[in-house]
Amino acid sequence: QKEVEQNSGPLSVPEGAIASLNCTYSDRGSQSFFWYRQYSGKSPELIMSIYSNGDKEDGRFTAQLNKASQYVSLLIRDSQPSDSATYLCAVSRMDTGRRALTFGSGTRLQVQP
Amino acid sequence: GAVVSQHPSRVICKSGTSVKIECRSLDFQATTMFWYRQFPKKSLMLMATSNEGSKATYEQGVEKDKFLINHASLTLSTLTVTSAHPEDSSFYICSAKGQGVSREKLFFGSGTQLSVL
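The structure presented is a predicted model; accordingly, all values stated were derived computationally and were not measured.

1. Concerning the nonpolar core
And then number 1: In this structure, B:Trp35, B:Tyr58, B:Phe67, B:Ile69, B:Leu79, B:Tyr92 and B:Leu114 are the most contacted members of the largest nonpolar core, which totals 25 residues.
And then number 2: Listed by contribution, the elements that provide at least two residues to this core are β2 (10–13), β3 (19–25), β4 (30–38), β5 (44–51), β7 (67–73), β8 (76–81), β9 (90–98) and β11 (112–116) of chain B.
And then number 3: For B:Tyr92, the residues in contact, after removing those within four places along its chain, are B:Gln6, B:Ile21, B:Tyr36, B:Arg37, B:Met47, B:Phe67, B:Leu79, B:Gly111, B:Thr112 and B:Leu114.
And then number 4: Ranked by size, the runner-up nonpolar core spans 23 residues in total, among them A:Cys23, A:Phe33, A:Ala85 and A:Cys89.

2. So, unusual backbone geometry
And then number 1: Cis geometry is found at the peptide bond from A:Gly9 to A:Pro10, where omega equals 10°.
And then number 2: In this fold, A:Pro10 is placed in the loop between β1 (4–5) and β2 (11–14).
And then number 3: For the peptide bond that leads from B:His7 to B:Pro8, omega is -5°, which places it in the cis range.
And then number 4: Tracing the chain through its elements places B:Pro8 in the loop between β1 (4–7) and β2.
And then number 5: Unlike most non-glycine residues, A:Asp78 shows phi in positive territory, near 50°.
And then number 6: For A:Asp78, the location among the structural elements is in the loop between β8 (71–76) and β9 (85–92).
And then number 7: Taking relative accessible area as the criterion, A:Asp78 reaches 40% and is therefore assigned partly exposed.
And then number 8: The backbone of B:Ser83 shows a phi angle near 45°, a positive value even though the residue is not glycine.
And then number 9: On the secondary structure map, B:Ser83 appears in the loop between β8 and β9.

3. Overview of the packing of aromatic side chains
And then number 1: Under the counting rule described, the total for this entry stands at 10 aromatic pairs over all chains.
And then number 2: Their ring planes at 45° and their centres at 6.4 Å tell us that A:Phe34 and A:Tyr36 sit as a pair that is tilted. In terms of burial, A:Phe34 and A:Tyr36 fall into one category: buried.
And then number 3: Taken together, a centroid distance of 6.0 Å and an interplanar angle of 85° make the contact between A:Phe34 and A:Tyr51 edge-to-face. A residue pair is termed long-range when its members are at least 10 positions apart, and A:Phe34 in strand β4 (residues 32–38) and A:Tyr51 in the loop between β5 (45–50) and β6 (54–58) qualify at 17 residues.
And then number 4: Looking at A:Tyr51, the relative accessible area reads 18%, which means it is buried.
And then number 5: Through successive ring pairs, a cluster of aromatic residues spans A:Phe34, A:Tyr36, A:Tyr51, A:Phe103, B:Tyr36 and B:Phe108.

4. Let's talk about the interface of chain A and chain B
And then number 1: Of the residues lining the interface, 22 residues belong to chain A; the matching set on chain B comes to 20 residues.
And then number 2: In this assembly, chain A packs against chain B so that about 1,600 Å² is buried in total across both faces, 58% of it on carbon and sulfur atoms.
And then number 3: Counting across the chain A and chain B interface gives 0 salt bridges.
And then number 4: Taken together, the elements giving at least two residues each to the side of chain A that touches chain B come down to β4, β5 and β9 of chain A.
And then number 5: Tallying contributions element by element places β4(A) first for the side of chain A that touches chain B, with 4 residues.
And then number 6: Its residues assigned to classes, the side of chain A that touches chain B shows 10 nonpolar, 8 polar and 4 charged.

5. Details of the side chain of B:Gln38
And then number 1: Summarising the element assignment, B:Gln38 is placed in strand β4.
And then number 2: Note on B:Gln38: relative accessible area 9%, which makes it buried.
And then number 3: A distance of 2.8 Å separates polar atoms of two side chains, one belonging to B:Gln38 and the other to A:Gln38.

6. Here's the deal with the state of the cysteines
And then number 1: In total, this model carries 2 disulfides over all chains according to the counting rule given.
And then number 2: Sulfur-sulfur distance for the disulfide between A:Cys23 and A:Cys89 comes to 2.1 Å. Here the disulfide of A:Cys23 and A:Cys89 is left-handed, its torsion about the S-S bond being about -70°. Here A:Cys23, found in strand β3 (residues 19–25), pairs with A:Cys89, found in strand β9; they are 66 residues apart in sequence, far enough to count as distant. Each member of the pair, A:Cys23 together with A:Cys89, is buried.
And then number 3: Disulfide pairing is shown between B:Cys23 and B:Cys94; the S-S distance is 1.9 Å. The sign of the 75° torsion about the S-S bond sets the B:Cys23-B:Cys94 disulfide as right-handed. A residue pair is termed long-range when its members are at least 10 positions apart, and B:Cys23 in strand β3 and B:Cys94 in strand β9 qualify at 71 residues.

Procedures and definitions
Residues numbered from 1 in each chain as written. Chains lettered and ligands numbered in written order. Predicted model: local features only at pLDDT ≥ 70, side-chain atom pairs only at ≥ 80, totals over all residues. Heavy atoms only, no water. Core = buried A, V, L, I, M, F, W, Y, C linked by side-chain atoms within 4.5 Å. Buried < 20%, exposed > 50% of the residue type's maximum accessible area, 1.4 Å probe, protein only. Helix = DSSP H or I, 4+ residues; strand = E, 2+ residues; numbered from the N terminus. Contact = heavy atoms within 4.5 Å. Phe/Tyr/Trp six-rings, centres within 6.5 Å; stacked < 30°, edge-to-face > 60°. Buried area = accessible area lost by both parts, 1.4 Å probe. Salt bridge = Lys/Arg side-chain N within 4 Å of Asp/Glu carboxyl O. Nonpolar A, V, L, I, M, F, W, Y, C, P; charged D, E, K, R; others polar. Polar contact = N/O pair within 3.5 Å; in protein donor to acceptor, adjacent residues only side chain to side chain. Disulfide = S-S within 2.5 Å.

Below you can see the structure in the form of structure tokens.
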């Protein structure tokens, strides 16, 4: 079982729609959760971070965390063609002293004009 | 926001040569640097973690003699791919964490695309 799992996609949504991206993780000790956006050939860009159960909203983005279900999601409202990219879910533990992130393989999002 | 500069952005080399990739934190002191490798359409895989002034900690399966990491100062870490071979062709990305930076937030370099002929 992969530590962080994501559907590879592509997830195709029309412009203006809500895109829903999902991620599950296996390590119950994970305490920090992140969503990164990566354009082809570029490095990841942090979109959202979430640390406690519930929803966290930032502009058009909402991250949702459910630690009991080991599930984290990202909602993108009013999707734009410029949102087309690969979205990486990442998790980390804080208690081991390691600060490296474990990444999922990413979900490719395509927003159709 | 914090900036991490990575050079070169792209390098093409012959098999058997060594390639050095630099990663600099421009406006903060990077106490920890992480080096990742990413193959096409795959996720980032952690190669090693380096703390300033100490030896790097390598992930299982990563050859420390092949991927030399130096973190001699709080603003500079280097990854040297020694005796590169075609299978080393990949996208290498550094990321840095520093003192005073928001909890668990990492800042990524722009990446280096290595192509070994």
